[in-house]
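# Tertiary structure, described
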Amino acid sequence: MITYNTDGVKMPAIKRRAITAWVKAVAATYHKKVGEIGYMFVSDEKILDVNKQYLGHDYFTDIITFDYSEGDTISGDIVISLDTVASNAQQQGTSYDEELHRVIIHGILHLCGINDKGPGERERMEAAENKALEMRNDA
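Now for a look at the structure at hand. (Residues numbered from 1 in each chain as written. Predicted model: local features only at pLDDT ≥ 70, side-chain atom pairs only at ≥ 80, totals over all residues. Heavy atoms only, no water.)

## What about the packing of helix α1 (residues 16-29) against helix α4 (residues 96-111)?
- Taken N-terminus to C-terminus, the directions of α1 and α4 make an angle of 40 degrees; their axes are 10 Å apart at the nearest point. As the angle between them shows, α1 and α4 are arranged oblique. Here α1 and α4 pass one another in a crossing that is right-handed. Facing I19, W22, V23 and V26 of α1, the residues of α4 in contact are H101, I104, I105, I108 and L109.
- Taken together, the residues that form the contact of α1 with α4 break down as eight nonpolar, one polar and no charged. (Axes fitted to C-alpha atoms, helices over the stretch in contact; angles between N-to-C directions. Helix = DSSP H or I, 4+ residues; strand = E, 2+ residues; numbered from the N terminus. Parallel < 35°, antiparallel > 145°, perpendicular 65-115°, else oblique. Left-handed = near helix turned anticlockwise from the far one by under 90°. Contact = heavy atoms within 4.5 Å. Nonpolar A, V, L, I, M, F, W, Y, C, P; charged D, E, K, R; others polar.)

Written out as structure tokens, the structure is:
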């Protein structure tokens, strides 16, 4: 089950059923099933609080993924800052909608085992994001 919630921001205009189907399809390409996934859309202020409290990081970010996966079933909480998504879209010259979907699937890719911090991992993550975005069917 995938849930979509907000804390201090307006719910983005997303097609929840289509995103849920898309997330399940992407997970399946990694031989994973979707368990409990909770999306929480927040402000920069809130994600900074989460980053400090849970990770000890004092900076803004677009997404934080908490992984509770077991075996082949992915589960987790995914916190997304809509403020940072908007500023990243502007900086990268892409649409807000495109950037939001990239971040939505970025968290799922982390749950599927793809990292982006080590040597060569960023490129692998970007390739996986692009592949997943191509699978988007009206999400």
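## Focus: the pattern of salt bridges
- A full pass over the atoms with the stated rule returns seven salt bridges.
- The partner of R122 in a salt bridge is D116, and the shortest N-O contact between them spans 3.5 Å.
- E126 is the salt-bridge partner of R122, the closest N and O atoms lying 3.8 Å from each other. In this pair, R122 and E126 both sit in helix α5 (residues 121-134), four residues apart, roughly one turn of the helix.
- Taking the relative accessible area as the measure of exposure, R122 reaches 36% and is therefore partly exposed.
- Judged by relative accessible area, which is 37%, E126 ranks as partly exposed.
- Within the structure, one salt-bridge network assembled from shared partners comprises D97, E98 and R136. (Salt bridge = Lys/Arg side-chain N within 4 Å of Asp/Glu carboxyl O. Buried < 20%, exposed > 50% of the residue type's maximum accessible area, 1.4 Å probe, protein only.)

## Brief notes about the nonpolar core
- I37, Y39, F41, I80, I104 and I108 are the most contacted members of the largest nonpolar core, which totals 32 residues.
- Going through the elements one at a time, β1 (2-7), α1, β2 (33-42), β4 (73-81), α3 (82-92), α4 and α5 are the ones with two or more residues in this core.
- Per-element tally for this core: the top contributor is α4, with seven residues.
- When neighbours within four sequence positions are excluded, Y39 is seen to be in contact with I2, T3, Y4, N5, V23, I78, I80, I104 and I108.
- Core analysis: the second largest hydrophobic core is formed by six residues, V42, I47, F66 and V79 among them. (Core = buried A, V, L, I, M, F, W, Y, C linked by side-chain atoms within 4.5 Å.)

## Notes on the sheet that holds β4
- Taken in spatial order, the four strands line up as β1-β2-β4-β3 in an open sheet, and their pairing is mixed. Only two strands of the sheet have a single neighbouring strand rather than two, namely β1 and β3 (63-67). Here the average twist between neighbouring strands, direction ignored, is 15 degrees.
- Summarising the sheet, β3 and β4 pair through five bridges and their orientation is antiparallel. Bridge pairing links I63 to I80 in β4. (Pairing = 2+ DSSP bridges.)

Remember, this is a structural readout, not a statement about activity or role.
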